[in-house]
Amino acid sequence: MKNFALIGAAGYIAPRHMRAIKDTGNRLSVAYDINDSVGIIDSISPQSEFFTEFEHFYEHAHQLKRNPATALDYVAICSPNYLHHPHIAAGLRLGADVICEKPLVPTPELLDELALVEKETGRRVYNILQLRHHDAILKLREKVAAAPADRKFDVELTYITSRGKWYMESWKGDPRKSFGVATNIGVHFYDMLHFVFGQLQRNVVHYSGESKAAGYLEYERARVRWFLSIDANDLPDAVKGKKPTFRSIDISGEQLEFSEGFTELHTTSYREILAGRGYGLADARHCIETVNVIRTAQPVRGAAGEVHPFVA
Ligand code: NAD
Ligand code: HP7
């Protein structure tokens, strides 16, 4: 049984980590959040310690190190994106491996910095990249791998996860804290596209706003017109009013809807990490490089055939 700490325990995604820790047969030893609305712990791990101040959490974690039976094996991180880097470094320096939410960090330079801390501490960082465990995506990857090597797929990717007004009022709507919608939400599908279609060759941004973004990405095995939005008005008519999300990949007219099947993927991610097959800094580099370019690119008018229909 491994001992876990959880940073950001009061948030939206934290219960999926708590469940993953429990369902993989491990112990949530200590949780920490600056917000004390963490009653959810009682339904998953009522014996866990809880702190609302980093200083007390850190001191407690050091005391646990005195006894090999209580020392932390993993620190899981569900804090806002801009805090991932310092929280990861703290977890590694506590002598634990780290499991951190996406986007791991905003820039490739910070990946280099974390690689140094990995070296200094001898511990590892793992990133939750759960689309790599999604059944529909794994099947698509097999299909692409089985196709003739010189075939390049034409892909239209539409990724709409609608959010209410709260989103813009929260840290997620503040680009200094979330790094903007393309980084906060797009990072999933940039990683997935690389996982399925290989190395990125071109990256052009056609539109970039606070609630949506669009562009063109060319990979070894695909040409991708993409559109991302958190605005419910962008949901296709068939979905509007019925479901808040629409995640679809259209490959040469064949549509793959992959909105379902997400809730258990954190547990799968944990299982893989614990079995020594987790995704580390090197695996995260591609999507971090992609979002770093998209975040800083000047949108341009798209070439014919490269623009997503929701933009044109
Ligand atoms: P959230 O705002 O609901 O939760 C964040 C939590 O962090 C809050 O409880 C907040 O009080 C806490 N926090 C803020 N500052 C802190 C600090 N200094 N120390 C400790 N805790 C602090 O956000 P969320 O949706 O749970 O997102 C958390 C992370 O998970 C983000 O990195 C986000 O990108 C990621 N996320 C991933 C997925 C996914 O599908 N993999 C889904 C949602 C969120
Ligand atoms: N929801 C909340 O109640 N609170 C939240 O903070 C977020 C959602 P989905 P996930 O918005 O920051 C996606 O769209 O898949 C509600 C991204 N992950 O399925 O869980 C929401 O209103 C994630 O990286 O959300 O998360 C719906 O009613 C990103 O950080 C319901 O939960 C997160 O949005 C389900 O909403 C975000 C993926 O796209 C895989």
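Up top is the structure.
Described in the following lines is the structure provided in the data block. Each residue is numbered by its place in its chain's sequence as written, counting from 1. Going through the entries in the order they are written, you letter the chains from A and number the ligands from 1. Side-chain atom pairs in this predicted model are given and counted only at pLDDT of 80 or more, local residue features only at pLDDT of at least 70, and totals for whole chains, interfaces and linings cover all residues. The basis for every side-chain value is the complete set of non-hydrogen atoms in the structure, without hydrogens or water.

Let us now look at the overall build of the chain. Helix and strand definitions follow DSSP, with helices as H or I runs of at least four residues and strands as E runs of at least two, each counted in order from the N terminus. Of the regular secondary structure elements, the chain holds 12 helices and 12 strands. Values of the radius of gyration come from C-alpha atoms, whereas the globule rule sets the reference at 2.2 Å times the count of residues to the power 0.38. For 312 residues, the compact-globule estimate of 2.2 N^0.38 gives 20 Å, and the C-alpha radius of gyration of the chain, at 20 Å, lies within 12% of that figure. In terms of its C-alpha atoms, the chain occupies a principal-axis envelope of roughly 65 × 40 × 35 Å. To sort residues, take the accessible area from a 1.4 Å probe on protein chains only and compare it with the maximum for the residue type: under 20% means buried, over 50% means exposed, and anything in between is partly exposed. Taken over 312 residues, the chain has a buried fraction of 54%. Within the chain, residue pairs in contact and separated by at least 24 positions form 68% of the contacts whose partners lie at least 6 positions apart. A total of about 14,300 Å² of accessible surface is found on the chain, and carbon and sulfur atoms cover 49% of it. Here, two residues are considered to be in contact whenever any of their heavy atoms come within 4.5 Å of each other. In these tables, accessible area is a Shrake-Rupley quantity obtained with a 1.4 Å probe, and a residue counts as shielded only by the protein chains included in the view.

Time to look at the layout of surface pockets. Taken as a whole, the largest pocket spans an internal volume of roughly 1,200 Å³. Lining the largest pocket are 42 residues, and of these G11, Y12, I13, W171 and K172 lie nearest its centre. Mapped by element, the contributors of at least two residues to the lining of the largest pocket are α4 (84–93), β7 (153–161), α7 (166–169) and β11 (245–251). When residues are grouped by polarity, Ala, Val, Leu, Ile, Met, Phe, Trp, Tyr, Cys and Pro land in nonpolar, Asp, Glu, Lys and Arg in charged, and all others, Gly among them, in polar. The residue makeup of the lining of the largest pocket, split by class, is 16 nonpolar, 17 polar and 9 charged. Cavity and pocket criteria rest on a 1 Å grid covering protein atoms alone: a 1.4 Å probe that fits but cannot get out defines a cavity, protein on both sides within 12 Å along at least 5 of 7 lines defines an open pocket, and an atom within 4 Å of a point defines a lining residue. Grid points are joined across faces, edges and corners, and a volume is the space filled by probe spheres set on the points.

Looking now at the site of ligand 2. Nearness is defined per residue: one heavy atom within 4 Å of the molecule or strand is enough. If you check the shell around ligand 2, you find 15 residues, and the closest are Y12, K102, Y159, R163 and H188. Here a polar contact means two N or O atoms within 3.5 Å. Within protein one must be a hydrogen donor candidate and the other an acceptor candidate, and residues neighboring in sequence count only if both atoms are side-chain atoms. In the environment of ligand 2, an oxygen atom lies 3.0 Å from a nitrogen or oxygen atom belonging to the side chain of R16. Within the side chain of Y159, one N or O atom sits 2.6 Å away from an oxygen atom of ligand 2. With the chains in place, 75% of the 720 Å² that ligand 2 exposes on its own is no longer accessible. A cavity or pocket is said to hold a molecule if more than half of that molecule's atoms lie within 2 Å of its grid points. In a pocket analysis with a 2 Å cut-off to the grid points, ligand 2 is assigned to the largest pocket. Contributing elements (two or more residues each) for the shell around ligand 2: β7, α7 and β11.

Here the focus is a nonpolar patch on the surface. The patches reported here contain residues having more than 30% relative accessible area and no salt bridge. Joining distances are 9 Å for like charges and 5 Å for nonpolar side chains (Val, Leu, Ile, Met, Phe, Trp, Tyr). The rule for a salt bridge is simple: a side-chain nitrogen of Lys or Arg has to be within 4 Å of a carboxyl oxygen of Asp or Glu. A surface patch of nonpolar side chains, amounting to about 250 Å² of accessible area, comprises Y207, F310 and V311. Following the sequence through the fold, F310 ends up in the segment after α12 (281–296).

Let us look at the sheet that holds strand β5 (residues 97–100). Pairs of strands are assigned from DSSP output, requiring at least two bridges between the strands. Within the open sheet, the 6 strands sit side by side as β3-β2-β1-β4-β5-β6. Their pairing is parallel. Here the strands that pair on one side only, and so sit at the sheet edges, are β3 (49–51) and β6 (125–127). This sheet shows a mean twist of 20° between the axes of neighbouring strands, independent of strand direction. Relative to β3, strand β2 (residues 27–32) is paired through 3 bridges, and the arrangement is parallel. Bridge assignment links Y32 to a residue of β3, and that residue is F51. What counts as an axis is a line fitted to C-alpha atoms, over the stretch in contact for a helix, and the angles between N-to-C directions run from 0 to 180 degrees. Those strands touched by α4 are β1 (3–7), β2, β4 (74–77), β5 and β6, and its axis lies near 155° from that of β5.

Right, let's get into the nonpolar core. The tendency in soluble globular proteins is for nonpolar side chains to be buried as a group. Buried Ala, Val, Leu, Ile, Met, Phe, Trp, Tyr and Cys residues form a nonpolar core when they are joined through side-chain atoms within 4.5 Å. Ranked by size, the top nonpolar core spans 67 residues in total, and within it M192, F197 and W226 carry the most contacts. Here this core takes 8 residues from helix α10 (residues 186–197), the largest share from any one element. The residues touching W226, leaving out its near neighbours within four places in the chain, are L157, F189, Y190, V204, A213, A214, G215, Y216, L217, I294 and H308. Counting 21 residues, the second-largest nonpolar core is a separate cluster that includes A9, L28, A31 and I44.

In total, this model carries 1 cavity of 30 Å³ or more according to the counting rule given. In this model, the largest cavity occupies a volume close to 40 Å³. K102, L129, Q130, L131, V187, H188 and D191 are the residues that line the largest cavity. Looking at the lining of the largest cavity, its residues break down into 3 nonpolar, 2 polar and 2 charged.

Mapped onto the elements of the fold, H188 is located in helix α10. Not counting residues within four places of it along the chain, the set of residues in contact with H188 comprises K102, Q130, L131 and Y159.

On to the site of ligand 1. Among the 25 residues in the neighbourhood of ligand 1, the closest are listed as D33, N81, H84, W171 and K172. Contact distances for ligand 1 include 2.7 Å between an oxygen atom and a side-chain N or O atom of N81. E101 has a polar side-chain atom sitting 2.9 Å from a nitrogen atom of ligand 1. Protein chains bury 85% of the 840 Å² of accessible surface belonging to ligand 1 in isolation. Residues of the shell around ligand 1, tallied by class, amount to 10 nonpolar, 11 polar and 4 charged. Source of the domain bounds: an automatic or database domain assignment. Mapped onto the domain boundaries, the shell around ligand 1 takes at least three residues apiece from domain 1 (3–127) and domain 2 (131–296).

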